[in-house]
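# Fold and contact review
Residue-level listing of the chains:
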Amino acid sequence: MRSEAKLGLILLLTPLLLWLSLLIFIPHVDMFLVSLRERVGVGEYKISLANYLTFINEPLYLHTFLRTAVMSILATMITLLIAFPVSYYIAKIARGRTQSALFLLCLVPFWVSELVRTFGWMILLRETGLISNLLQFLGLADGPVEMLYNDAAIMVGLVYTSMLFMVVPLVTTLESLPDEVIEAGYDLGGNGLSVLREIVIPHAAPGIVSGCIVVFMLSLGNYLTPTMLGGKDSLWFTELIYSQFIVRFNWELGAAFGFLLLGLSSLIVWGMLKLTGQSLEKTMG
Amino acid sequence: MYPDLECMNLTRRFGDTVAVDDVSFTVPAGSFFSILGPSGCGKTTIMRMIAGFLEPSSGDIHIRGRSVIDTPPNKRPVNMVFQHLALFPMMNIADNIGYGLRRAGVSKPEIEKKVEEALDRIGLPGIGARKVGELSGGQKQRVAIARCMVLEPEVLLLDEPLGALDLKLRERMKVELKALQAAFDTTFVYITHDQSEALVMSDRIAVMNEGRFEQVGSGQDLYYRPDTAFVAGFVGDANRWSGRIERVSGDEMEMRTDSGILMRGATHGRALSAGDRADVFVRPEAIRIAHSTEELAHFDNRITGKVESILFNGAASRILVQDSAGSGEIEVNLPQSGEFSGLSRGSEVQIGWSGAQGNCFAAEGS
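What you see is a predicted model, and the numbers here were worked out from it, not measured in a lab.

Quick look at the overall build of chain A now. Helix and strand content of chain A: 13 helices and 2 strands. Its C-alpha radius of gyration of 24 Å places chain A more than 25% over the 19 Å reference for a compact globule of 285 residues. Expressed as lengths along the three principal axes of its C-alpha atoms, the size of chain A is roughly 80 × 75 × 35 Å. By the burial criterion, 41% of the 285 residues in chain A qualify as buried. Sequence-distant contacts in chain A: of pairs separated by 6 or more residues, those separated by 24 or more amount to 68%.

What follows covers the environment of Pro335(B). Residue and element names in this part refer to chain B. Within the secondary structure, Pro 335 sits in the loop between β18 (329-333) and β19 (348-353). Here Pro 335 falls in the partly exposed class, since its relative accessible area comes to 32%. Excluding residues within four positions of it along the chain, Pro 335 makes contact with Ile 289 and Phe 340.

Within a sheet, each strand pairs with its neighbour through backbone hydrogen bonds, oriented either parallel or antiparallel. Residue and element names in this part refer to chain B. Read from one edge of the open sheet, 4 strands run β2-β1-β4-β5, paired in antiparallel fashion. In this open sheet, the two strands that pair with only one neighbour each are β2 (17-27) and β5 (66-67). Relative to β2, strand β1 (residues 5-14) is paired through 7 bridges, and the arrangement is antiparallel. Counted as the bridge partner of Arg 12 is Val 20 from β2.

What follows is about the interface of chain A and chain B. Listed per partner, the contact involves 19 residues of chain A and 24 residues of chain B. Each partner contributes to the roughly 1,700 Å² buried at the junction of chain A and chain B, and carbon and sulfur atoms together form 58% of this total. When residues of chain A are sorted by the area they lose upon contact with chain B, Glu180(A), Asp187(A) and Leu188(A) head the list and together hold 41% of the total. The interface formed by chain A and chain B holds 3 salt bridges in total. For the salt bridge of Glu183(A) with Arg48(B), the shortest nitrogen-to-oxygen distance reads 2.6 Å. Between chain A and chain B we count 10 residue pairs in polar contact (both at pLDDT 80 or more) in total. Elements with a contribution of two residues or more to the side of chain A that touches chain B: α8 (179-187) and α9 (192-220) of chain A. Grouping the amino acids of the side of chain A that touches chain B by side-chain chemistry returns 8 nonpolar, 6 polar and 5 charged.

With that out of the way, let us pick up the side chain of Thr187(B). All names here are of chain B. Turning to its location among the elements, Thr 187 is positioned in strand β8 (residues 187-192). Here Thr 187 falls in the buried class, since its relative accessible area comes to 0%. The contacts of Thr 187, once residues within four sequence positions are left out, are Asp 4, Val 27, Pro 28, Ala 29, Gly 30, Ser 31, Glu 154, Val 155 and Leu 156.

All names here are of chain B. For chain B, the domain assignment lists domain 1 (5-230) and domain 2 (237-362). A separation of 39 Å is found between the C-alpha centroids of domain 1 and domain 2. Across the contact, 7 residues belong to domain 1 and 6 residues belong to domain 2. Around 580 Å² of area is buried between domain 1 and domain 2 when both sides are counted, 43% of it from carbon and sulfur atoms. Contact with domain 2 buries area across many residues of domain 1, yet Tyr 223, Pro 226 and Ala 229 alone supply 74% of it, more than any other trio.

Quick look at the environment of Lys178(B) now. Residue and element names in this part refer to chain B. Note on placement: Lys 178 falls in helix α5 (residues 167-184). Overall, Lys 178 belongs to the partly exposed group, its relative accessible area being 27%. Counting along the chain gives 23 residues from Lys 178 to Met 201, while the straight-line C-alpha distance between them is 5.7 Å. The contacts of Lys 178, once residues within four sequence positions are left out, are Phe 32, Met 201 and Asp 203. A distance of 3.0 Å separates a polar atom in the side chain of Lys 178 from the backbone oxygen of Met 201.

Let us now look at unusual backbone geometry. Residue and element names in this part refer to chain B. Phi is positive for Arg 64, close to 50°, though the residue is something other than glycine. Overall, the relative accessible area of 36% leaves Arg 64 in the partly exposed class. At Glu 152, a position not held by glycine, the phi torsion is positive, near 45°. Within the element layout of this structure, Glu 152 appears in the loop between α4 (137-149) and β7 (155-159).

Definitions and cut-offs
- Residues numbered from 1 in each chain as written.
- Chains lettered and ligands numbered in written order.
- Predicted model: local features only at pLDDT ≥ 70, side-chain atom pairs only at ≥ 80, totals over all residues.
- Heavy atoms only, no water.
- Helix = DSSP H or I, 4+ residues; strand = E, 2+ residues; numbered from the N terminus.
- Rg over C-alpha atoms; globule rule 2.2 N^0.38 Å.
- Buried < 20%, exposed > 50% of the residue type's maximum accessible area, 1.4 Å probe, protein only.
- Contact = heavy atoms within 4.5 Å.
- Pairing = 2+ DSSP bridges.
- Buried area = accessible area lost by both parts, 1.4 Å probe.
- Salt bridge = Lys/Arg side-chain N within 4 Å of Asp/Glu carboxyl O.
- Polar contact = N/O pair within 3.5 Å; in protein donor to acceptor, adjacent residues only side chain to side chain.
- Nonpolar A, V, L, I, M, F, W, Y, C, P; charged D, E, K, R; others polar.
- Domains from an automatic or database assignment.

The structure is reproduced here in structure tokens:
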């Protein structure tokens, strides 16, 4: 009987363990080993930290690395600032059909692929695009305006892509806040700002942090949006990884870059949790 | 001297439905006023209008003689204890109680002192650092009241705060609430659908039905001298007979019930005349029970019946009597003397009551 139960447990766990080991654990270990390899001759390798040293000694790599981090943090903050009022409206003010309709509107853009969505932005923002034409039509601009291929365009794309992942956790946590508690906040003399600061935000903190983590990770690891909307000066770290692997065929350096990105995102998420006094269990559970 | 709270012709409509229909009342300073009514009668709507969360469609609300209609909820000198208490789960107890004082800009040491005092007052000293979730239902209740009382409101509104408690605790909190009201010497406006809460605690009670006040008075008034059939049926238990009036003389009347029994009752000054449809209400404790008719000779209503069932409930035990005419069950209180402990299902009993105990009202819709 006991051995049967044990067998059952093993059978149940097998798909999960296969998934974890084959798709996550083994590739990562392999990638880590590759990143520690230095090519000394044809088919000859030795273990060294040379790839990581290259990263430190090359200003372009380091610069892109930090720029990607700062831009991702900025994109996360902008997403939060836009998503919070939207989520508050959906969760607390809208009722019944309006509520589900608004929620659906946030979801609709995700029915098409990210590639198509990004092309949509290109149609809007390019020199011959809708906005440029509109500005000329209204007489606000003399000639065609190019709004693509800069950091602002990347930011717009990143925020747009991440919106849903911020709205969902926020709506969920805000909905769990009883209206009574908000009313009590007002009843006892609070104004809108103090109720927001002392009651709504502390209650929504786990949702805010989990939304921020997801959005930050998505922005940091985004490849498509920065490549398509960014210009020659707006290099994203994922582009460097891509070029090492595919263009330069330098897997060793690419793997090192990949691990640096993993380390960076882990560090920033950890810092974010420490800063807000939240724990991963609380925000993800 | 103005009354603490005065509502004048308060009306609130939601679309086509009138939730509160032209209600006026005054609550004198320092009194315990209850609004009693079934759910959906509009009592919560009144409460939310007083607190400022709802705007009246028409009418005015005065607190200490000043209209507060244009004052937002956070500026009104009223505070509310919510149905589910609405303590702030993200703060500890001391911060919960100190919240209003912080908003009012009171200095930190002053807040600490007042919070301490309030905790002493509610008999829970030293729990300031605890989390909301660590308290029992009764303790939360008291904290919710203390959180309002530190602000020294003119009027404290309580929205069925005992609803979520279990029966034993509810009984104890009734007494405690009354004591707290006396200790803080503040006007309490309490809404409930539980008549015993209202009767035990209140100085005055308003019985509300379908957006209107049926009667305002002390607990005794409502219980012994109900003004309307609704109050007679809603406050306390009552046996009810419908029928047609045969004769009215002065305060006395005679009615033939639909099942054919001739019954005497009292009109208590209500305008009723022979031929009208009417309802007679008789309280179970007003009905005397006896083994023989002679014992009941002085009562003008006498019925012979069979015990249908015995509802044992300690001091509040009752029997259901099926009268010989078969007009339905009559609830009768069982005396505690033990004299009728031998009754069993099917025994024949005599019951009777004096006509003055039969409260007669014109039937609804007539």
